Structures are given as C-alpha cells and as structure tokens.
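Chain residues, written in single-letter form:
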Amino acid sequence: MTDLDPNLAIEIRGLRKTFQDPERGTVEAVKGVDLSCRRGEIYGLLGPNGAGKTTTLRMLASILAPTSGSAYLDGVDVAANPLEVRRRMGFLSTSTGLYPRLTARETLRYFGKLHGMHGDTLEARIEELLVAFEMESIADGRTESFSTGQKQKVSIARAVLHDPKVLILDEPTTGLDILAASTMVDFIDSSRARGTCVLFSTHIMSEAERLCDRIGIIYQGRLLAEGTQAELCEQTGEKFLDGVFMSLVRAADKSAGTPG
C-alpha cells in the first residue's frame, strides 16, 4: 500500500475476524472495521463486553491474524512485519501475565533487555517508571505477592518501558482502585504531550469523556460511529456520552431487527 497518511500512527481498513465455535458455528467477532488514529492523539474504543474491542486490538497488535482487511501501525504492515510492529508499540491486555518469582524491578529490567536497552539508560528508565507509577515501595517485592492493582501497574510500566510510538491499552484501569486508576488516567493523558498515539478500549464513560480526542463506538463487531464527543452528541442529539452510546446501540438493534 502506498497511500498511507504519514500523520496517522494507526490505520485499519476493513478488518474482519471470524471464529469457529463448536456450538454456534461461524462467529464474526469483528465486521469490517475502519479506524485511524493520529500521532499524539488519544482514541477511545468504547463498547460493552463482547463488542469486539479486544479482538480488534489484538489483531492490531499482531497477536491475532485477521480473517481479512489490513492494519498498519506507524506505517508498518502488521501482517507482513509483526516483529517490527511489536518494537514500535506497547501493548497491555487485561490478561497480560507476569513472572511471579521476579520482582517489579527485575521484570522491567528483563523486558528492557528484550527491547535492546542496557546499562545506565535502562536503569534510569526503570527508576523513572517506578516513580511515575508510585511503585518505589514495591519495587523489590516479588509480583506473586502483589495485589491486582499493583500487578496492573507493573504490566503498564512494562508496556511503556521502551517509550513506544504507539500504545494499545485494553481496558487499562481494570482491577485498579480509585487512586491507582486516577494515576493511570493521568499517565495516559500525559502521553499526548509526548506525541504518543494511544488507542485504548474501555466501557467506562467517564474515562472516555476525560481522556479522548476522538471516540469510536463499537457494538456487535461494528464501528457504529466515531468523532469527538461534541460531534457524536450533535450526530445523535444527546447531551452526554452515555446517551450517545444508547442512542447508537438502539439504532443498530432496530436496523438489525433486534428487539430492544
């Protein structure tokens, strides 16, 4: 493809994913999604559980192969060059595991070396993240003893350790208490100033309202609408994002003939 926009850090075109289920047969989890994210932009993919958010993000991160369609991250074809894509992105999934016998500091050091970081540069970056995520007190504790929120902090620090150009975050505040979630939201917000493109999924309206430059509403594998919050409100005639969401979902159900 030669017509990629250099201002876009993420470009998805006609992305589809089908699975074979023993009971349901062919299941189409993602149905031709088109989506783009600019450099230095925070884009929120908003939808309920089962809407296709995680599947879309995992295809973009090269974890799942798409059934059809294309995806580009920082100008790199995800299907053709997945290793280069992984060098340029940080990915966080709700199921991201940690090595239980490693400490938080050892975890970051290990993954930093995998990304080609060494010596004082790596150690300085580790210290920077321990402070940023308020993990100094647990830095040398084994992750097996951590709370869910503490594990999530280590996982996010691991994802951003190599200062990637693109961050893909799948419901990053899941499992965090209110203070930890606030720290996480502040970090995502600060990524914009560094020119990082952040694509994150959520079903929490307040996160999308606070953080996002643009929002995509995904439901039953389809991207129903996207735009700024103001644009979505104008499109639907609603004042708040929860009303926007319900309006779009009801319209989609009505079009599909689904009782609602």
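The shown structure was predicted, so the numbers you read here are calculated from the model rather than taken from an experiment.

**Focus on the overall build of the chain**
Inference 1: Counting its regular elements, the chain contains nine helices and ten strands.
Inference 2: In terms of overall dimensions, the chain is globule-like: its C-alpha atoms have a radius of gyration of 19 Å, near the 18 Å expected for 260 residues.
Inference 3: Projected onto its principal axes, the C-alpha positions of the chain cover 60 × 40 × 40 Å.
Inference 4: A sequence separation of at least 24 residues applies to 66% of the contacts in the chain between residues at least 6 apart.
Inference 5: Summed over its atoms, the accessible surface of the chain is roughly 12600 Å², and 49% of this surface lies on carbon and sulfur atoms.
Inference 6: In the chain, which carries 30 positive and 35 negative side-chain charges, the distance between the mean positions of the two groups comes to 4 Å.

**A short note on the confidence of the model for the chain**
Inference 1: Taken as a whole, the chain shows an average pLDDT of 91; of its residues, 97% reach a score of 70 or greater.
Inference 2: Across the chain, the secondary-structure element scoring lowest on mean pLDDT is helix α6 (residues 178-193), at 82, and the one scoring highest is strand β4 (residues 68-73), at 97.

**Remarks on the sheet that holds strand β5 (residues 76-77)**
Inference 1: If you trace the four strands from one edge of the open sheet to the other, you get β2-β1-β4-β5, paired in antiparallel fashion. The open sheet has two free edges, formed respectively by β2 (25-38) and β5, since each of these has just one partner strand.
Inference 2: Relative to β4, strand β1 (residues 8-21) runs antiparallel, the two being bridged by five bridges. Following the sheet pairing, Arg-13 is matched in β4 by Ser-70.
Inference 3: Each of β1, β2 and β4 touches helix α1 (residues 53-60); the most contacted strand, β1, lies at about 120° to it.

**A closer look at the packing of helix α3 (residues 104-114) against helix α4 (residues 119-132)**
Inference 1: Two elements in contact, α3 and α4, have axes whose closest approach is 10 Å; the angle formed by their N-to-C orientations is 135°. Overall, the two elements α3 and α4 adopt an arrangement that is oblique. The two elements α3 and α4 cross, and the hand of that crossing is right-handed. Taken together, the residues of α4 that come into contact with α3 (itself represented by Arg-105, Leu-108, Arg-109, Gly-112 and Lys-113) are Leu-122, Glu-123, Ile-126, Glu-127 and Leu-130.
Inference 2: Per-class residue counts for the contact of α3 with α4 are four nonpolar, one polar and five charged.

**Section: the layout of surface pockets**
Inference 1: When its volume is computed, the largest pocket comes out at roughly 420 Å³.
Inference 2: Met-89, Phe-91, Phe-111, His-115 and Arg-158 are the residues nearest the centre of the largest pocket, which is lined by 15 residues in total.
Inference 3: The set of elements that each furnish at least two residues to the lining of the largest pocket consists of β6 (89-92), α3 and α5 (148-160).

**What to know about the nonpolar core**
Inference 1: Phe-133 and Ile-215 are the most contacted members of the largest nonpolar core, which has 46 residues in total.
Inference 2: Residue contributions to this core peak at six residues, all from α6.
Inference 3: The contacts of Phe-133, once residues within four sequence positions are left out, are Lys-153, Ile-156, Ala-157, Val-160, Thr-183, Met-184 and Phe-187.
Inference 4: With 28 residues, the next largest nonpolar core counts Leu-73, Val-76, Cys-197 and Ile-218 among its residues.

**Examining the pattern of salt bridges**
Inference 1: Applying the stated criterion to the full structure yields 20 salt bridges.
Inference 2: Of the charged contacts, one joins Arg-38 and Glu-41 as a salt bridge, the two residues approaching to 3.0 Å between their closest N and O atoms.
Inference 3: A relative accessible area of 42% means that Arg-38 is categorised as partly exposed.
Inference 4: For Glu-41, a relative accessible area of 4% translates into the label buried.
Inference 5: Among the ionic pairs, Arg-142 bridges to Glu-144, the shortest N-O distance being 3.5 Å.
Inference 6: Where salt bridges share partners, they join Arg-39, Asp-74, Glu-84, Arg-87, Arg-88 and Lys-165 into one cluster.

Reading guide: rules and limits
Residues numbered from 1 in each chain as written. Predicted model: local features only at pLDDT ≥ 70, side-chain atom pairs only at ≥ 80, totals over all residues. Heavy atoms only, no water. Helix = DSSP H or I, 4+ residues; strand = E, 2+ residues; numbered from the N terminus. Rg over C-alpha atoms; globule rule 2.2 N^0.38 Å. Contact = heavy atoms within 4.5 Å. Areas by Shrake-Rupley, 256 points an atom, 1.4 Å probe, with all protein chains shown as cover. Lys, Arg positive; Asp, Glu negative; His and termini not counted. Charge placed at Lys NZ, Arg CZ, Asp CG, Glu CD. pLDDT = per-residue confidence, 0-100. Pairing = 2+ DSSP bridges. Axes fitted to C-alpha atoms, helices over the stretch in contact; angles between N-to-C directions. Parallel < 35°, antiparallel > 145°, perpendicular 65-115°, else oblique. Left-handed = near helix turned anticlockwise from the far one by under 90°. Nonpolar A, V, L, I, M, F, W, Y, C, P; charged D, E, K, R; others polar. 1 Å grid on protein atoms, 1.4 Å probe; cavity = no way out; pocket = protein on both sides within 12 Å on 5 of 7 lines; lining within 4 Å. Points joined across faces, edges and corners; volume = space filled by probe spheres on them. Core = buried A, V, L, I, M, F, W, Y, C linked by side-chain atoms within 4.5 Å. Buried < 20%, exposed > 50% of the residue type's maximum accessible area, 1.4 Å probe, protein only. Salt bridge = Lys/Arg side-chain N within 4 Å of Asp/Glu carboxyl O.

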